[in-house]
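# Remarks on the overall topology
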Amino acid sequence: MLTVTGLVALLATFAVALTPNQCNLTVLYESHCSDSRKFIRNVLAPVWPLLETHCTLELVPFGKARSNESGFVCHHGEKECKSNMVMSCAMRNLLSSRQQMDFVSCYMGDPDYGGIQCAEKTGLSWADVKACMQSGEGTQLQKEAEAKSYATRISHYVPTVVINKVYKPTEQNEAVRGKFNEVMCRYTRSSDICSLA
């Protein structure tokens, strides 16, 4: 027999599971890709403060790289491999999606030299990022990013935008060709987002 407390708990579970206008946003990108940099800095970062109450965010800095026995080979060379790892390590140490977005957006402005300044701006210890990179944790994080990238990405284009863990080519094209806010309006039904579409 279901008690009143049990019934309340059951209803609360359904209420959480069925919360309307929520989404999971995943962006697969690479640090030295001009399209990735433009999308994150000019499209996603400015609207994220409005989206964060409606969406979870997963930023996956790996792109078209691949691992091999000696490390990683990246589309834009060794500097990109290092920068991708910097972002993985930074995000590991930043708990909120706002802090992660702020760091990544800042860092994508200057992925070769901006790390220390972007860490300071977001309250992140640069020593923690360096320790992550040197300890093997950074390599493990990049292997996880590789697995997510190749398990998720059907597109050969970066950035790749995935909503609710489903890649849809039409939404990808809209998102990266100036209609990201329209796509997010359909998922969130937020008047703030929809007014930007």
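Residues numbered from 1 in each chain as written. Predicted model: local features only at pLDDT ≥ 70, side-chain atom pairs only at ≥ 80, totals over all residues. Heavy atoms only, no water.

### Thoughts on the packing of aromatic side chains
Counted according to the given criterion, the structure contains four aromatic pairs. Aromatic side chains phenylalanine 39 and phenylalanine 180 sit 5.3 Å apart centroid to centroid with 90° between the ring planes, which places their arrangement in the edge-to-face category. Here the residue phenylalanine 39 occupies a position in helix α2 (residues 34-51), and phenylalanine 180 occupies one in helix α8 (residues 169-188), the gap between them amounting to 141 residues. Note on phenylalanine 39: relative accessible area 4%, which makes it buried. Given the relative accessible area of 1%, phenylalanine 180 is considered buried. Ring geometry for phenylalanine 62 against phenylalanine 72: centres 5.9 Å apart, planes inclined by 80°, an arrangement best described as edge-to-face. Taken together, the positions of phenylalanine 62 in the loop between β2 (55-61) and β3 (66-68) and phenylalanine 72 in strand β4 (residues 71-73) put the pair 10 residues apart, joining distant regions of the chain. For phenylalanine 72, a relative accessible area of 15% corresponds to the buried category. (Phe/Tyr/Trp six-rings, centres within 6.5 Å; stacked < 30°, edge-to-face > 60°. Helix = DSSP H or I, 4+ residues; strand = E, 2+ residues; numbered from the N terminus. Buried < 20%, exposed > 50% of the residue type's maximum accessible area, 1.4 Å probe, protein only.)

### Observations regarding the environment of serine 96
Its place among the elements puts serine 96 in the loop between α3 (78-93) and α4 (97-109). Along the backbone, serine 96 and glutamate 52 are 44 residues apart, and their C-alpha atoms lie at a distance of 9.9 Å. A polar side-chain atom of serine 96 sits 3.0 Å from the main-chain amide nitrogen of glutamine 99. (Polar contact = N/O pair within 3.5 Å; in protein donor to acceptor, adjacent residues only side chain to side chain.)

### Description of α8
Over its 20 residues, α8 runs only 19 Å from end to end, short of the ideal 28 Å by more than 12%, given 1.5 Å per residue. Residues of α8 that are buried: Glu171, Gln172, Ala175, Phe180, Asn181, Val183, Met184, Cys185, Tyr187 and Thr188. Buried residues belonging to α8 abut β1 (23-29), α2, β2, β5 (160-163) and α9 (191-194). (Expected span 1.5 Å × (residues − 1). Contact = heavy atoms within 4.5 Å.)

### Here we look at the pairing of β5
Burial along β5 is two-sided: the residues Thr160 and Val162 and Val161 and Ile163 are all buried. Relative to β5, β1 runs antiparallel, the two being bridged by four bridges. Paired with valine 27 across the bridge in β5 is valine 161. (Pairing = 2+ DSSP bridges.)

### Considerations on the sheet that holds β2
The strand order across the open sheet formed by three strands is β2-β1-β5, and the pairing between neighbours is mixed. The two strands at the open ends of the sheet, each matched to only one other strand, are β2 and β5. Between one strand and the next, the sheet's axes are offset by a mean angle of 15°, whatever the strand orientation. By the bridge criterion, seven bridges tie β1 to β2 in an arrangement that is parallel. (Axes fitted to C-alpha atoms, helices over the stretch in contact; angles between N-to-C directions.)

### A short note on the pairing of β1
Counting buried positions over the seven residues of β1 gives seven, a clear majority of the element. Taking the sense of rotation as the criterion, the β-α-β connection linking β1, α2 and β2 turns out right-handed. (Right-handed = clockwise from strand over helix to strand, strands pointing away.)

### Notes on the state of the cysteines
Any covalent bond linking the sulfur atoms of two cysteines counts as a disulfide. Scanning the model with the defined rule gives five disulfides in all. The disulfide that involves cysteine 74 links it to cysteine 81, with 2.1 Å between the sulfurs. Taking the sign of the torsion about the S-S bond as the criterion, the disulfide between cysteine 74 and cysteine 81, at about 120°, is right-handed. With its sulfur 1.9 Å from that of its partner, cysteine 185 forms a disulfide with cysteine 194. Since a negative S-S torsion denotes a left-handed disulfide, the cysteine 185-cysteine 194 link at about 95° is right-handed. Cysteine pairing for the protein chain, with bonded cysteines counted in sequence order: 1-2, 3-4, 5-8, 6-7, 9-10. (Disulfide = S-S within 2.5 Å.)

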